[in-house]
Amino acid sequence: MSSDFLLELRSEEIPARMQAGARAELEKLFRREMDAAGVEIGEITVWSTPRRLALIARSLPETTEAVSEELKGPPVGAPDQALDGFCRKAGVEKGDLEIREVKGRETYFAVKNIPGRATKDLLAEAIPVIVRDFSWPKSMRWGAASISTESLRWVRPLSGIVALLGDEVVECVVHGVTSGSVTLGHRFHHSGDITIGNADDYAMKLRAGHVIVDHEERQDLIRSGAAKVASEAGLKLVEDEGLVVENAGLTEWPVPLLGRFEEDFLEVPPETIQLTARVNQKYFVCEDAKGELANAFMCTANIEAEDGGARVVDGNRKVLAARLSDARFFWDVDRKKTLAEHAKGLERITFHEKLGTVADRVERVAKLAEWLATEGIVPNCDPKLARQAAELCKADLVTEMVGEFPELQGLMGGYYARAEGLPDAVADAIRDHYKPVGQGDDVPTAPVTVALSLADKLDTLSGFFVIGEKPSGSKDPFALRRAELAIIRLITKNNLRSSWEDLHAWASEGHYASALIARLKRYGEKLLGFEGYRYPDRPDQDESLGIGPEDIHNWSFEAEKINRGISDAQQPLSEFLIDRLKVQQREAGVRHDLIDAIFALGGEDDLVRLLARVKALQSFMETEDGANLLAGYKRAANILKKEDWHGAEGEIAKTGEEDPLALVDDPDMKAVIDAKMSERHAKELSYTPEPAEKALMDALDTSEPAASQAIAAEDFGAAMAALASLRGPIDRFFEEVTVNADEENKRAHRLDLLAAFRAAVHKVADFSRIEG
């Protein structure tokens, strides 16, 4: 026999934002208690309303099964203290112990036969434990008992408990509240008690008391009901799933009602109206047939009013009107000053104690954005517009509107710029320069916006690395991982061709200049007019600045100290970018070892080019040619490693480079390497090579130049095709040719041939980094 169990914990209003977590917590604690008691549970349903949490567990057995537990103890002959401790732990007497042989040694065992218990009794013990162990984001004590720290904590005062197993009450007492079968209905629509018979009639009887206990059903009613009411008025509801969930958590009997506000308020930016309605009042907004914001709002009442909700709507309209009046006041006041005038207030805001004020940061971003445009890194971008947008991009932080609604930063700056008559490109850049914020956010493509967004994020990233504030583990207080991912997305989306090391270095030098200027101010008023970045090791600038020998000495000392911090940041910045790139590409389905294979070549710090190479390499490795060539490469590499043979690469090693291939692409070294290779070939042809050997030689002579030319032309598909042409010859070589021949000249030539094969492959990717 089995029965269904119902538990309702009734209290004063539970905040809507806590209800989802509370449902999960209730199920978790219930399962914990039942698992500990060995009770098998069927389906569990958990509901919530503002005034109650409810759990229904199906098919609970009437009693638990009897179980026998065995505990292994110390061996016979162990000290009495050990035996006494074991008995206390097992809860048995010495005389109850059994002796068994374990691996030829007699050992004590404690056997406990635990009889089955009534599930009802287990639940009576479990309910108080569940309530006491319940975790809330915020909780309180109440009543006379609250003076004790041992008293119950709950989100709001606990007022009732319904506990039924089948149709029987599970009796328990929690903080003076006795369980029973009686609950309450809607606060306004139902007076008196509601007696629950069992779990099956719980939802039905509450519905008769104007309570829809299923939170998902209330969400559906709000979602469909609000859309229907809006449609009947010729409007379209602006969907907001977060508001649906929140309103369902605020009501037990939701009734969507449409209201109107004065059209004059539509002069305020629509996002401001929507945010005011949403955040302050939990209202939906509507659009007209043109898709523009309408002077309408949708509130969710918790009652069915006799007048159709007219009084409720009127009351909500008045409250919303007051809020919108505030928003219009902020809008009007903010526009009395230009963004440039607002921007002066940024001098009073500290961005970071080691990075200066927000005004300092804006100046760095402006220089960087202008540089990105001037150098053509962001194509078709007007440097003047990029700088203008950067100088004004943070000005809205000191406006009244953003002070009230921080979520609108950037967006309001764009509106103020447009209202001021600034160019659309500048207004759009100010509006969108925080983008992309998250993985699903749009990536800007307008040139001025791209320059500003990239400069803003580069400054943030470089600045915090310069001062040593790097992310560690799960800690990333300045969202630097997100900033780097945004930089990667901006570069790849807009096909920006530049070295990432140059980008980071230039951004870091902006911090060099800011820090240097700040520290040099103490050397005299003559430096206060110093603008831009001056290197202390350029004597041609000394006279123009009126700086004497002592100033130069101090300047150089300060510059060296600051520049050391810049240099120390560069390597971690590159490693950080590589790490973030691997994360992003892994999520896009790209193997991390293929990224390593391209990175390992060195000299590839153009993200667009790098990812194009990785994509081509991944496509190649998914083919049969790629897999077989990798096998051939690894076989060749293993032979060369075993023989400690570097071939022509050994000549490179004489340059002093730790990596024998470090200079393989150096134009100055190419002639040397080619000469060495020709010299070797001239000496090596003292015998007639075998057909398979000659075929590999010919293939290398053809494929290596073809791959190099393809890479230079950024035709990476063709480079992979050149590699593919080596697959057959290398397979045949290993099948037909003995590498370690008895003749020294043959052995040397064939090892050189394998080294040449490895070098040819390394032109495209370092296959030693590829898994498989």
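Everything numeric here is computed off the predicted structure, so don't read it as measured data.

Points about the overall build of the protein
Part 1 of the reasoning: Looking only at helices and strands, the protein has 28 helices and 18 strands in total.
Part 2 of the reasoning: Per-residue burial for the protein yields a buried fraction of 47% across its 772 residues.
Part 3 of the reasoning: Across the protein, every contact between residues at least 6 apart in sequence was considered, and the portion connecting residues at least 24 apart equals 69%.
Part 4 of the reasoning: Within the structure as shown, the protein displays about 37600 Å² of accessible surface, and the carbon and sulfur contribution to it stands at 48%.

Here we look at the side chain of Arg750
Part 1 of the reasoning: Among the secondary structure elements, Arg750 is positioned in helix H28 (residues 744-762).
Part 2 of the reasoning: Judged by relative accessible area, which is 2%, Arg750 ranks as buried.

Brief notes about the pairing of strand S2 (residues 44-49)
Part 1 of the reasoning: The buried fraction of S2 amounts to 5 of the 6 residues, a majority that puts the element mostly inside the structure.
Part 2 of the reasoning: Where S2 meets strand S3 (residues 52-61), 6 bridges bridge the pair, whose relative direction is antiparallel. Paired with Ile44 across the strands is Ala57, a residue of S3.
Part 3 of the reasoning: Connecting S2 to the antiparallel partner S3 that follows it, the hairpin turn spans 2 residues.

Considering the sheet that holds strand S5 (residues 98-102)
Part 1 of the reasoning: With antiparallel pairing, the 3 strands of this open sheet are ordered in space as S4-S6-S5. Every interior strand has two partners, whereas the edge strands, strand S4 (67-75) and S5, have only one. The average undirected angle you get between the axes of adjacent strands in this sheet is 40 degrees.

Topic: unusual backbone geometry
Part 1 of the reasoning: In the segment running from Lys435 into Pro436, the intervening peptide bond is cis, with an omega of -5 degrees.
Part 2 of the reasoning: The phi torsion at His175 lies on the positive side, around 55 degrees, for a residue other than glycine.
Part 3 of the reasoning: Mapped onto the secondary structure, His175 falls in the loop between strand S9 (173-174) and strand S10 (177-180).
Part 4 of the reasoning: One non-glycine residue with positive phi stands out, namely Lys282, at about 65 degrees.
Part 5 of the reasoning: Structurally, the position occupied by Lys282 is in the loop between helix H7 (270-281) and strand S15 (284-287).

A few points about the sheet that holds strand S13 (residues 236-237)
Part 1 of the reasoning: Across the sheet, which stays open at both edges, the 4 strands sit in the order S13-S15-S16-S14 with antiparallel pairing between neighbours. Edge strands, defined here as strands with exactly one partner in the open sheet, are S13 and strand S14 (255-260).
Part 2 of the reasoning: Here S15 pairs with strand S16 (residues 293-301) via 3 bridges, running antiparallel. Looking at S16, one finds that Glu287 is bridged to Leu293.
Part 3 of the reasoning: Packing of helix H5 (residues 215-232) onto the sheet brings it into contact with S13, S14, S15 and S16, and relative to S14 it is tilted by some 35 degrees.

Things to note about the confidence of the model for the protein
Part 1 of the reasoning: For the protein, the mean per-residue pLDDT works out to 86, and 87% of the residues sit at or above 70.
Part 2 of the reasoning: Overall, residues 649-662 carries pLDDT values under 50, and its contacts beyond four positions in sequence, including any with other chains, amount to 15 contacts.
Part 3 of the reasoning: Within the model, pLDDT remains below 50 along residues 680-684, and this stretch shows 6 contacts once partners closer than five positions in the same chain are excluded.

Some details on the environment of Glu33
Part 1 of the reasoning: Considering the arrangement of structural elements, one finds Glu33 in helix H1 (residues 16-37).
Part 2 of the reasoning: The class for Glu33 is buried, based on a relative accessible area of 18%.
Part 3 of the reasoning: Along the chain, Glu33 and Glu125 lie 92 residues apart, while their C-alpha atoms are 9.4 Å from each other.

Cut-offs used in this document
Residues numbered from 1 in each chain as written. Predicted model: local features only at pLDDT ≥ 70, side-chain atom pairs only at ≥ 80, totals over all residues. Heavy atoms only, no water. Helix = DSSP H or I, 4+ residues; strand = E, 2+ residues; numbered from the N terminus. Buried < 20%, exposed > 50% of the residue type's maximum accessible area, 1.4 Å probe, protein only. Contact = heavy atoms within 4.5 Å. Areas by Shrake-Rupley, 256 points an atom, 1.4 Å probe, with all protein chains shown as cover. Pairing = 2+ DSSP bridges. Axes fitted to C-alpha atoms, helices over the stretch in contact; angles between N-to-C directions. pLDDT = per-residue confidence, 0-100.

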